[in-house]
Amino acid sequence: MEDLQPILEGASRGERKCQESLYKEFYAYGMSVCLRYAANREEAVEILHDGFMKVFTHLDQFDNNRPFTPWFRKIIINGALNHYKQSLKHSCEVGLENIPELPDLKISALTQLEYRDLIKIIQSLPLAYRTVFNLYALEGYGHAEIAELLNISVGTSKSNLFRAREKLRMMLTPENHEKAYL
Amino acid sequence: MNDRELDMFVKTLADKPNIAYDPKDWKAMNGLLDKQFPQQPGGWNQKIIWTFLGLLGVAVGLIVAIWVSSKGNDQYAIIPDTRILTTSLAFEGLTNYETQNHEMPKLTQDHALPALANTSSIQEYKALAIVKKVEVYPIANQNKPALPTLLPDFPIHGAIHESQNEPPPSNGLNVNTPIKNPMGRRFSVGLSVAPEMSTVQLSQLQNPGRSINLNFEYFIHEKWSLNTGIIHSYKTYTGGAGYYQDYQPAPTGFQGDCWVIDIPFNIRYYAFNNNNSKWFISSGISSYFMMREEYELQYEPYGVNSYSRIEEYTGNRHYFNVVNLSMGYQRMLGRHLAIQAEPYFKVPVAGIGAEKLSLRSAGIFLGLNYYW
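The structure presented is a predicted model; accordingly, all values stated were derived computationally and were not measured.

A. Here's a closer look at the pairing of strand β7 (residues 317-332) of chain B. All names here are of chain B. Taken together, the 12 bridges between strand β5 (residues 277-298) and β7 define a ladder with antiparallel strand orientation. Paired with G284 across the strands is N324, a residue of β7. With nine bridges joining them, β7 and strand β8 (residues 337-348) adopt antiparallel strand pairing. Within β8, the position partnered with L325 by the bridge is F345. Counted between consecutive antiparallel strands, the loop separating β7 from β8 contains four residues.

Laid out in structure tokens, this is it:
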């Protein structure tokens, strides 16, 4: 974190070189979050860039005595949720062509499942299921918080989580792989 | 797999991301930042460009100012310099010196003007009124001691006299047209800097590098000179697919940065000269000594698995492998100093660097030359 301090100060002053350094430093971390919320890589990059733009714009509000990573993660997740709300309007328009290709789990056994395969499986979940699953299972939010964040009821949150897990199980089981599309 | 096991399985795998940095994403982000913060001060690249434009502006302004200021009084001025005499004063002084063989007083402009006024011949006075810069050749009689003040210790040249019908003065003075070689100097040393664009593909031009040039020049003729020196360059360039075929898998592109010592040997021809400015063309050959090369090899993004890797090399040498072409303009700022602008182009005749790339460079040197 000591090495990060001059980069943060330079980025806060608008120095492009420092902004680039910060971007490179947190690119993989930010993408790892964004990819789980997005339907594909392009959307993930869009969410990431919105998040970095907020970081660069509001870096002067960051408390240097606190770690940067949680602050950055919070911004990225908020950006992902904004993206979720915007995408809800168009979610019914998603066609089959936008469903990412699922990994061939007959070749890749569950124990040998790679990160990119897992991301593809998560991205193949419907938007509402994917978002609730991310917030609950990976971010640690409770159903009440999720309901408030997404403007849905607690029951809907629980229902979406249940269906997300159900679909994940199906996709992670090779013999049920094709049923996951249904 | 129950709910908890499923969540843990996904969480564990998701916490081990294998995501490589993709420079294309930063380019997109950089574009967004440019739109969002158009007034923000730019990075080094923009600073270099603005510094270059600023220097260019200053140089052009300086040249124009000097040209304008010298335009009015250059033609018919009597130069207040002890080394420059009017024709008649030179006759008078030399005659006195030769006949009386004593030390002559130092001639200044204050001395010169009354002397002119006392000139008995009206014709001579008229001639003096339109005397241009007069430069004096050494006295023919080598047995006489050199004039301590009137005759300087540098090569002295002919004079211009507007009264064309008058024969050139005798008594050891030769009056000729001026030599175009700048002030008769044989050597010069110059220091200049340049923003430099380097590329292996003309379609892949990107950010500029820079060069610093320490140049030595020796005149072998009034219009011809030999040039050498040392140039330190930072070259940055990119390339698309088609390079690095030895690598498997072959990268889809690369970003190259190298630091080079360039030893040029050029010959320069001064095509157009006048008293204060010169145009020249130059050509020659360079040797490259690669101090460091860095290549970031980029691979085609595949889902989240796009990646790049860095290759570094040092010590590659390329003797007489680069052809230099340039042209330039010099403007004299004084008897010894000149300002110079020199656009140049360097093209290799063989591959440069670890990957034998056709690394071409172009830029414009801006700097100062000192003649002696």
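That shown, we press on.
B. Inspection of the packing of helix α3 (residues 41-58) of chain A against helix α4 (residues 68-88) of chain A at higher detail. Residue and element names in this part refer to chain A. One way to put it is that α3 packs onto α4 with a least axis distance of 9 Å and a crossing angle of 125°. Compared by their axis directions, α3 and α4 come out oblique. Remark: the crossing between α3 and α4 carries right-handed chirality. Side by side, α3 and α4 meet where E43, E46, I47, L48, G51, F52, K54, V55 and H58 of the first sit next to F68, W71, F72, I75, I76, G79, A80 and H83 of the second.

C. Just the interface of chain A and chain B, in detail. Of the residues lining the interface, 37 residues belong to chain A; the matching set on chain B comes to 36 residues. Carbon and sulfur atoms make up 68% of the surface buried where chain A meets chain B, a total of about 3400 Å² over both sides. At the junction of chain A and chain B, the tally comes to six salt bridges. Here R169 of chain A makes a salt bridge to D3 of chain B, at a shortest N to O gap of 2.3 Å. Counting across the interface, chain A meets chain B through 10 residue pairs in polar contact (both at pLDDT 80 or more). The set of elements that each furnish at least two residues to the side of chain A that touches chain B consists of α2 (16-37), α3, α5 (115-123), α6 (127-138) and α8 (154-172) of chain A. Residue composition of the side of chain A that touches chain B, grouped by class: 20 nonpolar, five polar and 12 charged.

D. Structural view of the nonpolar core. Counting residues in each nonpolar core, the largest one holds 62 residues, and the members touching the most others are L22, L48 and F68 of chain A. Among the elements that make up this core, the one with the highest residue count is α2 of chain A (10 residues). A domain split of this core shows at least three residues from each of domain 1 (1-95) and domain 2 (99-182) of chain A. With sequence-adjacent residues up to four places away left out, L48 of chain A is seen in contact with Y23, Y27, G30, M31, C34, F72 and I76 of chain A. Counting residues in hydrophobic clusters, the runner-up holds 14 residues, among them Y237, F254, C258 and Y288 of chain B.

What counts, and at which threshold
Residues numbered from 1 in each chain as written. Chains lettered and ligands numbered in written order. Predicted model: local features only at pLDDT ≥ 70, side-chain atom pairs only at ≥ 80, totals over all residues. Heavy atoms only, no water. Pairing = 2+ DSSP bridges. Helix = DSSP H or I, 4+ residues; strand = E, 2+ residues; numbered from the N terminus. Axes fitted to C-alpha atoms, helices over the stretch in contact; angles between N-to-C directions. Parallel < 35°, antiparallel > 145°, perpendicular 65-115°, else oblique. Left-handed = near helix turned anticlockwise from the far one by under 90°. Contact = heavy atoms within 4.5 Å. Buried area = accessible area lost by both parts, 1.4 Å probe. Salt bridge = Lys/Arg side-chain N within 4 Å of Asp/Glu carboxyl O. Polar contact = N/O pair within 3.5 Å; in protein donor to acceptor, adjacent residues only side chain to side chain. Nonpolar A, V, L, I, M, F, W, Y, C, P; charged D, E, K, R; others polar. Core = buried A, V, L, I, M, F, W, Y, C linked by side-chain atoms within 4.5 Å. Buried < 20%, exposed > 50% of the residue type's maximum accessible area, 1.4 Å probe, protein only. Domains from an automatic or database assignment.

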